[in-house]
Amino acid sequence: MGFIWTIIIGFIAGVIAKFITPGNNEPSGFILTTILGILGALCATWLGQALGWYRAGEGAGFIGAIVGAVILLLIWGAIAKRR
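Within each chain, residues carry numbers counting from 1 in the order of the written sequence. Side-chain atom pairs in this predicted model are given and counted only at pLDDT of 80 or more, local residue features only at pLDDT of at least 70, and totals for whole chains, interfaces and linings cover all residues. For side-chain calculations, the full set of non-hydrogen atoms in the structure is used, while hydrogens and water are omitted.

Student: What should I look at first to understand the overall build of the protein chain in this one?
Tutor: Strands here are runs of E lasting at least two residues and helices are runs of H or I lasting at least four, both read from the DSSP assignment and numbered beginning at the N terminus. Scanning the protein chain from N- to C-terminus turns up 3 helices and 0 strands. In the protein chain, the succession of α and β elements from N to C terminus is α-α-α. We call two residues in contact when some of their heavy atoms are within 4.5 Å. Taking the contacts inside the protein chain whose residues are at least 6 apart along the sequence as the reference set, 61% of them involve residues at least 24 apart. When the accessible surface of the protein chain is totalled, it reaches about 5700 Å², and 72% of it is carbon and sulfur. Computed with a 1.4 Å probe, the accessible areas rest on the Shrake-Rupley method; for each residue, only the protein chains presented here act as cover.

Student: Whenever I open this one, the nonpolar core confuses me. Can you help?
Tutor: Burial of nonpolar side chains together is a common tendency in soluble globular proteins. Throughout this description, the term nonpolar core refers to a set of buried Ala, Val, Leu, Ile, Met, Phe, Trp, Tyr and Cys residues connected via side-chain atoms within 4.5 Å. Each residue gets one of three labels from its accessible area relative to the maximum for its type: buried under 20%, exposed over 50%, partly exposed in between, using a 1.4 Å probe on protein chains only. Ranked by size, the top nonpolar core spans 8 residues in total: Ala13, Ala17, Leu36, Ala65, Ile66, Ala69, Val70 and Leu73. The set of elements that each furnish at least two residues to this core consists of helix H1 (2–20) and helix H3 (62–82). Per element, the largest residue contribution to this core is 5 residues, and it comes from H3. Ignoring anything within four residues of it in the chain, the contact list for Ala65 reads Ala13, Gly37, Gly40, Ala41 and Ala44.

Student: What is the right way to look at the environment of Trp46 in this model?
Tutor: Along the chain, the position of Trp46 falls in helix H2 (residues 30–51). Owing to a relative accessible area of 60%, Trp46 belongs among the exposed residues under this scheme. For Trp46 and Gly68, which are 22 residues apart along the polypeptide, the C-alpha to C-alpha distance reads 9.7 Å.

Student: Would you explain H2 in this entry?
Tutor: Turn by turn, an α-helix covers 3.6 residues, leaving residues three or four places apart pointing in a common direction. The terminal C-alpha atoms of H2 lie 31 Å apart, and with 22 residues this matches the ideal 32 Å at 1.5 Å per residue to within 8%. Backbone geometry just after H2 places Gly52 at a positive phi near 90°. To estimate how far a helix should extend, the number of its residues minus one is multiplied by 1.5 Å.

Student: Looking at this structure, how should I read the environment of Gly68?
Tutor: Checked against the element boundaries, Gly68 lands in helix H3. Each C-alpha atom of the pair Gly68 and Leu39 lies 7.5 Å from the other, and the pair is 29 residues apart in sequence. Dropping the residues within four chain positions of it, Gly68 is found in contact with Gly40 and Ala44.

Student: Would you mind going over the confidence of the model for the protein chain with me for this structure?
Tutor: Keep in mind that low pLDDT regions are not for reading the predicted coordinates in detail. On a range of 0 to 100, pLDDT expresses the predictor's confidence in each residue. Looking at the protein chain as a whole, its pLDDT mean stands at 77, while 82% of the residues score no less than 70. Mean pLDDT across the elements of the protein chain bottoms out in H1 (78) and peaks in H3 (80).

Here you go:
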């Protein structure tokens, strides 16, 4: 059941991050939006643990997932502009 919640939260975080981040060079589609949100949560968890905000085994919350997804979208936009 935890895996299903991860997918649902990842999708919602990805959709919100796409609304927050302007630009046309963003991935589209249900699968890519979900992957963006899940990777955003993983990115926020890793960054939070590296900065000491979270302990080992503790994950980022919903807001952290959105922030991580926005960071990934900004990186994606910077790479896509170069092409």
